[in-house]
Amino acid sequence: MATFSRRNLIRTGAALAPALLTARPAAAAPPPTGLQTTGTAPAELAGFDEVMKTFVKEREISCAQLAISKRGRLLLARGYYTASQARYVPPVSPTSLFRIASLSKPVTAAAVMRLVQEGRLGLSAPVTTLLGLSAEADPRLAQVTVLRLMQHLGGWDRSVSLDHLWSDHAISAALDVPLPIDHADIIRYATARPLDFAPGTGMAYSNYGYMLLGRIIEKVSGTDYESYVKEKVLAPLGITRMRIGRSLRSEAAAGEVAYASQYTAKTVLDDTGTTVPYPYGGFNVPNHDANGGWLASAVDLVRFAGVFDAAGPVLGAASIAKVLAKPEIGVSGDGWWYGCGWYVRQVPGNLNTWHAGSMPGTYTYLARLQNGFTYAALFNRREEQGTPDYDVLSSRMNAALNKVASWPATDLGPRYF
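Residues numbered from 1 in each chain as written. Predicted model: local features only at pLDDT ≥ 70, side-chain atom pairs only at ≥ 80, totals over all residues. Heavy atoms only, no water.

1. Let's talk about the pattern of salt bridges
Taken as a whole and assessed by the stated rule, the structure comprises 16 salt bridges. The salt bridge partner of Arg 114 is Glu 118, with a shortest N-O separation of 3.0 Å. A relative accessible area of 15% means that Arg 114 is categorised as buried. Look at Glu 118 and you get partly exposed, because its relative accessible area is 29%. The shortest N-O distance in the salt bridge between Asp 300 and Arg 241 comes to 2.8 Å. (Salt bridge = Lys/Arg side-chain N within 4 Å of Asp/Glu carboxyl O. Buried < 20%, exposed > 50% of the residue type's maximum accessible area, 1.4 Å probe, protein only.)

Okay, structure coming up:
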């Protein structure tokens, strides 16, 4: 952590008699400027720390986190924060909570596979049967299975039609229901419209498909989505901080960071038409639960990612293999595929997996790479007009990985779990 000298704020003349001294209120010490850090970054991993420092400075990001593990040992746990425009961000610790956006999808995929592993759900089960949906608007809806939902093969293409998780005003108007809309409204709206392509014939990233998976988890488990994930996926790993986020700053969880964006939007939480900061009311976070609604810290995420390293208390080897298997459409022209909740690429001797998340006020990245190396990087701002490219993060982290000469022998895990 950077250190700063303290100033002597009240100077008194030595020749003055004590009785003549007049007490003055002490002036507040100026808050630290520039980038501050918390947590631990071993010298062997200083290159990753420098990548983060450079990345946040270039983009004027005020809150960030990085966690790194190798073969299950937590080696780096770091918080980053800055002072900006006389409003000083509370210190970001390694356990501060961030919205993780689409890093929620691997969490949902793990929960679905847990139900499959328990014999309570089949990957070939149709969504129409599981949720009692009508296929009248498009008979092809009956071909949408649990596996196709997890692999983004369900037939919804947000580049052709609306992303139903970001269309609150349109859905409210179309159904003539007040804001805020809920999951049932979104499903009713989408089910009444045709698919954009035949299920299983192409891949189009679908937030709506993962929202449906959350409802399937609820229907099959008999409990709410958040509770099932906490009990069956997170608790066996000792993860207790993660939870579904809320939409307003006044509803923030203890230890949750503040989110930044240059954009505003009309609130989706009521019908007033009030203009709000986009991260606070411009979208309904609980509606995004299974596709993008979780809060987590970076240390939580690298521990969660270990679920897919080897058989353990959450998933067995056969379940992990199904998560990482190639989809029916095969491999992309660039050599990757989308498994269940993860992008996957075959490299010599390993399947690398990764996922990014992005919402107004949020950018996140989680990767599992060769040699048991896993990292999670979280930020309270995403790429917007005029900001530098955020996609360079992964290539910079990969470059730092290639320069590591030796790895720390310690494990920071017991500090946080």
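2. Focus on the nonpolar core
The biggest cluster of nonpolar side chains holds 121 residues, and the ones touching the most others in it are Phe 48, Leu 66, Val 146, Met 150, Ile 216, Phe 379 and Leu 393. When near neighbours in sequence (up to four residues on either side) are disregarded, Ile 216 contacts Leu 121, Val 127, Leu 130, Leu 131, Val 146 and Leu 149. (Core = buried A, V, L, I, M, F, W, Y, C linked by side-chain atoms within 4.5 Å. Contact = heavy atoms within 4.5 Å.)

3. With respect to the sheet that holds strand 9 (residues 294-296)
Sheet architecture is open: three strands sit in the order 5-9-6, paired in antiparallel fashion. Edge positions in the open sheet fall to strand 5 (98-99) and strand 6 (243-244), since each of these has one partner strand only. Running over the sheet, helix 8 (residues 225-234) touches strand 6 and strand 9 and is turned about 40° from strand 9. (Pairing = 2+ DSSP bridges. Helix = DSSP H or I, 4+ residues; strand = E, 2+ residues; numbered from the N terminus. Axes fitted to C-alpha atoms, helices over the stretch in contact; angles between N-to-C directions.)

4. Re unusual backbone geometry
In the segment running from Leu 179 into Pro 180, the intervening peptide bond is cis, with an omega of 0°. Topologically, Pro 180 is positioned in the loop between helix 5 (168-175) and helix 6 (183-191). Residue Ala 101 is not a glycine yet carries a positive backbone phi of 55°. Ala 101 gets classed as buried once you look at its relative accessible area, which sits at 0%. Positive phi, close to 60°, is recorded for His 152, a residue that is not glycine. Considering the arrangement of structural elements, one finds His 152 in the loop between helix 4 (146-150) and helix 5.

As far as function goes, none of this settles anything; it's purely spatial.
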